[in-house]
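Summary of the model geometry
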Amino acid sequence: MAMREAELTEQLWGDSAGAGVIFVSRVQHLEFSLACRGLVCVSRDRKPNTLVQVAALDVCEQSLLAFSSTEIVQGTRDPLFLTGVAFPPQCPILEETVIKLSVYDVKDKSANNSTFLGSATFSVADLLKSRDQQISLNLRSSDDLEAVGTVVVSRMKMGEIEDGEVDHMATDIQAQKCALVCESLHGTTNDKDYGPLMSALFKNPVCKVYRFQTLDSKWMLVREQMAESTLSFTIPKQLITLHIQEDSRRIQELKDLGELSPHWDNLRREVISRYDQVIRSYQETLEELDKLTGPSFKPSCSKAQKYLEFIPINLHTQRMRVTCPRKTDAFYDIITVGAPAAHFQGFKSGGLQKLLSRYESEKKSYSTAYQCIYYSPEQTAKAREVLGSLSELQPLISSLADRLLQAAQQRSVDALRDTLKSLAEKTEQFVHALKDELVKSALLALHAARPGYISKTQTHTPPPLHLQTEMPQTPSHTGAEPDAAVCINMDEVQTPNKEEQLAAVTLERQDSIPHYKEYDEEEWDRVWASVAKSLNCVIALVDKLQEQDNNNQESTPDQALADVITSHNPTGEWREQLSPLVASLKECVTEVGDRAQKSMTFILLQEAVCSIPQGLFLQQRRDVVFSQALSALACGFVMRLYAGLEDKGFLQQLHLVGLVAQFESLLSTYSEEIGMLEDMETGISDLNRVTFRITEAKSDDPAELQPVVSGRRDYYTVEIPLPQQSFQIIPPELQEGKPLQIFPVLFNVGINEQQTIAERFGDISLQERINQRNFEILDGYFKTLSDKVPSECLPCFQTQMDVKELLETLGQNVVTKKRKNVEILWLAGTICRRLNGIRFTSCKSAKDRTSMSVTLEQCALLRDEHQLSKDYFIRALDCMRSSRLAQGEAAQWDDPEAGSVANHKPASRHFYPIALLLVSSHLLVVWLILSLVFLLAKYQ
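Residues numbered from 1 in each chain as written. Predicted model: local features only at pLDDT ≥ 70, side-chain atom pairs only at ≥ 80, totals over all residues. Heavy atoms only, no water.

**Structural notes on the overall build of the protein**
The helix and strand tally for the protein stands at 29 helices and 19 strands. Taken across its 940 residues, the protein has 52% of its residues classed as buried. In the protein, the share of contacts with a sequence separation of at least 24, taken over all contacts with a separation of at least 6, comes to 76%. Within the structure as shown, the protein displays about 43300 Å² of accessible surface, and the carbon and sulfur contribution to it stands at 51%. (Helix = DSSP H or I, 4+ residues; strand = E, 2+ residues; numbered from the N terminus. Buried < 20%, exposed > 50% of the residue type's maximum accessible area, 1.4 Å probe, protein only. Contact = heavy atoms within 4.5 Å. Areas by Shrake-Rupley, 256 points an atom, 1.4 Å probe, with all protein chains shown as cover.)

**Details of the packing of helix α18 (residues 672-686) against helix α22 (residues 765-788)**
Running from N to C, α18 and α22 cross one another at 20 degrees; their axes reach a closest spacing of 11 Å. The pairing of α18 with α22 is recorded here as roughly parallel in orientation. As α18 packs across α22, the resulting crossing turns out to be left-handed. Contacts between α18 and α22 involve Ile-674, Leu-677, Glu-678, Glu-681 and Ser-685 from the first element and Leu-766, Arg-769, Ile-770 and Arg-773 from the second. A breakdown of the residues in the contact of α18 with α22 according to their chemical character gives 4 nonpolar, 1 polar and 4 charged. (Axes fitted to C-alpha atoms, helices over the stretch in contact; angles between N-to-C directions. Parallel < 35°, antiparallel > 145°, perpendicular 65-115°, else oblique. Left-handed = near helix turned anticlockwise from the far one by under 90°. Nonpolar A, V, L, I, M, F, W, Y, C, P; charged D, E, K, R; others polar.)

**A closer look at the sheet that holds strand β14 (residues 659-665)**
Overall, mixed pairing links the 10 strands, which are arranged β10-β11-β12-β13-β19-β14-β18-β15-β17-β16 in an open sheet. What marks the edges here is a single partner per strand, and that holds for β10 (202-213) and β16 (708-712). The sheet shows a mean angle of 25 degrees between the axes of neighbouring strands, direction not considered. Bridging between strand β15 (residues 690-696) and strand β17 (residues 715-722) involves 7 bridges; their strand directions are parallel. Its bridge partner being in β17, Thr-695 is matched across the sheet by Pro-721. In the packing of α18 onto the sheet, contacts are made with β14, β18 (740-748) and β19 (838-842), and the angle to β18 comes to roughly 160 degrees. Each of β13 (330-336), β14, β18 and β19 is contacted by helix α24 (residues 823-834), which is oriented at about 160 degrees to β14, the strand it contacts most. (Pairing = 2+ DSSP bridges.)

**Quick look at the nonpolar core**
Counting residues in hydrophobic clusters, the biggest one holds 83 residues, and the most contacted among them are Trp-264, Phe-430, Leu-434, Leu-578, Met-600 and Leu-605. Looking at this core element by element, the count peaks at 17 residues for helix α15 (residues 573-610). Setting aside anything within four residues of it in sequence, one finds Met-600 in contact with Ala-383, Val-386, Leu-387, Leu-438, Val-439 and Ala-442. By size, the runner-up hydrophobic cluster in this structure holds 61 residues, among which are Ala-200, Leu-667, Val-709 and Ile-838. (Core = buried A, V, L, I, M, F, W, Y, C linked by side-chain atoms within 4.5 Å.)

**Considering the pairing of strand β2 (residues 50-58)**
Among the 9 residues that make up β2, 7 are buried, leaving the element largely enclosed by the rest of the structure. Here β2 runs beside strand β5 (residues 98-108); their pairing, made up of 7 bridges, is antiparallel. If you follow Ala-56 over to β5, its bridge partner there is Ile-99.

**Overview of the side chain of Ser-300**
Secondary-structure assignment places Ser-300 in the loop between α6 (262-291) and β12 (316-323). Residue Ser-300 is classed as buried on the basis of its relative accessible area, which comes to 2%. A polar side-chain atom of Ser-300 sits 3.2 Å from a polar atom in the side chain of Lys-847. (Polar contact = N/O pair within 3.5 Å; in protein donor to acceptor, adjacent residues only side chain to side chain.)

**Brief notes about the pairing of β17**
Buried residues dominate β17, accounting for 6 of its 8 residues. Relative to β17, β16 runs antiparallel, the two being bridged by 5 bridges. Its bridge partner lying in β17, Val-708 is registered against Glu-719. Here β16 folds back onto β17 in antiparallel fashion, the turn holding 2 residues.

In structure tokens:
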């Protein structure tokens, strides 16, 4: 056989060696099926358990490379393999490529005991040029002396097989060798299987193809496709950059607080020092990530690497494509990812849920020790929200004010009206954001932290004269809200000159908080109200100018007279009248924004002071978990969006309500996986702060199609660029950049042996609480969806059970006390698919438990939606699971979930040899008690 391979290699390369040029014909995609006939074993009376291994000759390296294998078909001399062979697009298959088939008799799979039966080789050109693209080859034994049977290789593309031919596949011998039907992986832009659009974000696809029999004795054709996502690294790197920028801004804001008392100044320096440490750590992580090359995912063996802690574990996309005779192709997508958790930091003290709860209870005592005001999580979140609104609205108001002056100079009535409308909306949002008692109380607290603070009990200093003079108000403004203030009646008085306007609406600028005197609590109300008053004066003046312009046009029909009037109203007159009022508005906005920013920064300073003992540890842990969760969510959203670009119902649902993202977790509520689940719960919940926007890409270059993350820790926006061709077909609401909501839900059911221990001797209240809480979120989403989106927008399924009935059943299951109630996961997954949602499956490393769950779900879909024969259900499950063992990470990386076997690690110390304990029932009771005491001491 070795001589035969050498001859083939020499024949393939010999003719071109002298010329120095190799002419090759590239085959885009090659997929074929295999079957054997008349196999002969060493023991003639025994029927073999057959396996076929497939290898291809690397034309460039001139070497045979192992590629894939079929499943094992037991006890027959004429095996028909359900698992086919698919060469991915990145594999350079040429017509000259030689493929070797090796057939084995597997006697003991567990002991890896097999006997070589025979082999055959063929070139791709032989297959493509053969009749019906099907060839039959003799299998030769190792000594190449006798034939031990035949192998039939068939190739066919999807859509070329006739129904009549398919019907005969179950009975006709030759039809048993019929090819698996699979389409190209990379085709047109609209190809749902990794066309140019998706290939920008999804790399290194691995494809497996199968054929399974249906209830009516026909054959369905199934393709499984798994791929890595570039988002595993691009999203975390963008988030780390945003964290560095946000923390740097926070340091600058702390420095801008001005002079503080020695006590607060020392605390500020310590907080700034802590922020500097976090920034340096994040910068080092970013530098290490920039150096990485290679796969686009983090394997589970890299969990302990610090610079990879922001990267999700084993993030992959899974797509199953099903083709049945006379039916439209169906697609089922799922994202698999390791549990979003701080694996590097560990779980000795629990996860985020427990740590945050403990932190909030301890923060009050820390606030007393550091002489701080205690602010609840809601108040600190409000402070961050106000700071975010200020940073967004303040420059926008300034820009709109400049555009208003430009429109006034051009005397463009339409532009003036539209710009004024936008200016009024943004200014009202600005005023409303500051309409909170928290701002006023924070200003007073900041004043008390100044070095020259004097309380009312010490002395009383009247405020300066300019603060005693309030804005002129009309009777309509008396008792009204500040933002409803109305400027003086512009119809009853002449247009004031510049000095009078400035005197009417401008407060003298001064430092944020008056130093060395008692703070006037009513001052903030006056400063805050001045913004609304300034805006109303601008609106009143613009209305008067437009009214005067309309009157002039009505009274001067003669063109000559109109020219005379125009000559007395120069172009810049409107701008000259508006300039003082617009300048006053901008000045008031700046004044109010500066004061509010410092007050909110002081709140965050006090929160940071209370967290100094933990050194911002919780924030870093939360950043890590959120990074992993967002990477998975962005990957799932992009995949779901690309698949639904031509589905009008889906796009309508997307912009009217949003999508549900259902995370299925298989973690146990035992040992360190409790901490993982607590981390995951917080990370999934934090995804509520994320919205998506669809934008038009500058070009079709893959670099331009990468999602872009912007925002701050309290609110992120992920922009998804689409090529022009795809962008033009989406609804106008999506083209305008409407924020798209995501509703993340998490359901957890532990399924391993550790969960058995937890249910018998431990506590599963965490799992119960998570499932009940997230059921309420899912139920609320469905009610909103039912009110806003017609049922025709949702996908159709063969099983007719109503979503409302499924939700009722799920609600009953989440409150039922039942061990390992996997019905919860099945119901939640089914509801998610029926609601056009995004499916995720996770366990500790997204390997063993995840693959078992995904393959079971896929076979259940084939059974329920595509009438998979009951006789083929177990075979289909075995085929899919064996292919994962052959091509998955288990062949490349050590499995940490089986670490005690693979790495010869000792078992946990509190699990003593059971054989010894069984000597006496009393010893067994003692063992149980000691184990429980050990667990309580460790995780309490």
